[in-house]
Amino acid sequence: DVLSVLESRRPSPDGSIRSEPLPLHDDPEPIRVRDPLTGDPLLIPARLAIGPNVFFLGTVNADESTQSLTPRLLDRANLIELNEVDLAALGRPTAATGQSRAEAAFVADLLAPTPLPDAMLEPYWAQLQALNAHLRPAGLHVGYRAAGEIARFLALARGVLPLDHAFDRQLLQKVLPKFSGPTERLAAPLRAVLDLTAAAYPLTHHRARRLQSQLDTQGFAGFLE
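Rules used in this analysis
As a convention, each chain's residues are numbered from 1 in the sequence order in which they are written. pLDDT decides what is reported in this predicted model: residues at 70 or higher carry local features, side-chain atom pairs at 80 or more are listed and counted, and totals for whole chains, interfaces and linings draw on all residues regardless. Processing note: side-chain calculations cover all non-hydrogen atoms of the structure and skip hydrogens and water entirely. Here a strand is any run of E in DSSP of at least two residues, a helix any run of H or I of at least four, and the numbering for each starts at the N terminus. We call a residue buried when its accessible area falls under 20% of the maximum for its residue type, exposed when it is over 50%, and partly exposed in between, using a 1.4 Å probe and counting protein chains only. Two residues form a contact once any of their heavy atoms are found within 4.5 Å. Methods summary: accessible areas were calculated by the Shrake-Rupley approach with a probe of 1.4 Å, and residue burial reflects only the protein chains presented. Within 6.5 Å between ring centres, the rings of Phe, Tyr and Trp (the latter by its six-membered ring) count as paired, and their orientation is classed by plane angle as stacked under 30 degrees, edge-to-face over 60, tilted in between. Salt bridge, as applied in this entry: a Lys or Arg side-chain nitrogen positioned within 4 Å of an Asp or Glu carboxyl oxygen. By nonpolar core we mean a set of buried residues, namely Ala, Val, Leu, Ile, Met, Phe, Trp, Tyr and Cys, connected to one another through side-chain atoms within 4.5 Å.

## Some details on the overall build of the protein chain
Across its full length, the protein chain carries eight helices and eight strands. Taking all 225 residues of the protein chain together, 30% fall into the buried category. Of all intrachain contacts in the protein chain linking residues separated by at least 6 positions in sequence, the fraction that spans at least 24 positions is 57%. Only carbon and sulfur atoms are counted for the fraction: they give 56% of the accessible area of the protein chain, which is about 15000 Å².

## Some words on the packing of aromatic side chains
In the structure shown here, the tally under the stated rule is two aromatic pairs. Ring geometry for Y124 versus F167: centroids 5.3 Å apart, planes at 55°, classification tilted. On the criterion of sequence distance, the pair formed by Y124 in helix α4 (residues 122–135) and F167 in helix α6 (residues 163–175) is long-range, its members being 43 residues apart. In this structure F167 comes out as buried when scored by relative accessible area, which is 1%. For the pair F167 and Y201, a centre-to-centre distance of 5.4 Å together with 70° between the ring planes defines the contact as edge-to-face.

## Notes on the pattern of salt bridges
Applying the stated criterion to the full structure yields two salt bridges. Measuring nitrogen to oxygen at the nearest pair gives 2.3 Å for the salt bridge that ties E149 to K174. On the criterion of sequence distance, the pair formed by E149 in helix α5 (residues 144–157) and K174 in helix α6 is long-range, its members being 25 residues apart. For E149, a relative accessible area of 31% gives the class partly exposed. With a relative accessible area of 26%, K174 lands in the partly exposed category.

## Re the nonpolar core
Among the nonpolar cores identified, the biggest contains 37 residues, and L176 and F179 are the most heavily contacted of them. If you list the elements that add at least two residues to this core, you get α4, α5, α6, α7 (183–197) and α8 (202–218). Counting residues per element, this core draws most heavily on α5, which supplies seven residues. Residues contacting F179, with those up to four places away along its chain left out, are L135, L140, L186, P189, L190, V193, L211, A221, G222 and F223.

## Remarks on the environment of L57
Positionally, L57 belongs in the loop between β6 (47–48) and α2 (71–74). For L57, a relative accessible area of 86% gives the class exposed.

See below:
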């Protein structure tokens, strides 16, 4: 119904843009309800006019847990993919290349609670950035949310766990669970994980070797066995 109404927008004789009203219900009279937050009475009309100053934006996760977008919907929308991740700009988004001012402000708000890596955490941050470059071609790279959670974990674990142990746990808990697929997809990123973790991160390395064994014997591997 919303798509049909938006497509009905046409210039009127007075120069304004008008569309058909959006049907909300079939009752001839407005339905009286109460605002769930304030308790104030509200009237819901049977039809709702959508003015020309109203725009609709939506977000969707594209993975096996969601329904795919239909060609009918894609034909009526401007699809903007948000796949690029610049961990070097975490907490300093205005320095990221290719970002508009609006995009930089959005990322800054998104990451506001995230502690910035200080000098003690910087080596782990550099390793995560380097690993992300190897994971990106397979779509397994760490996004801003996961990166922020890793930074927060390391900041809170400092003084409780050795930082090598804390980072090892985060690689195991935040990076490896995304690994699922055939050899063609996982071979290169899994090799990058094995190379990074061979010397200092035994938990992640052991689990990555199990994934490698699955690839070798079955041609397919998944963290959730």
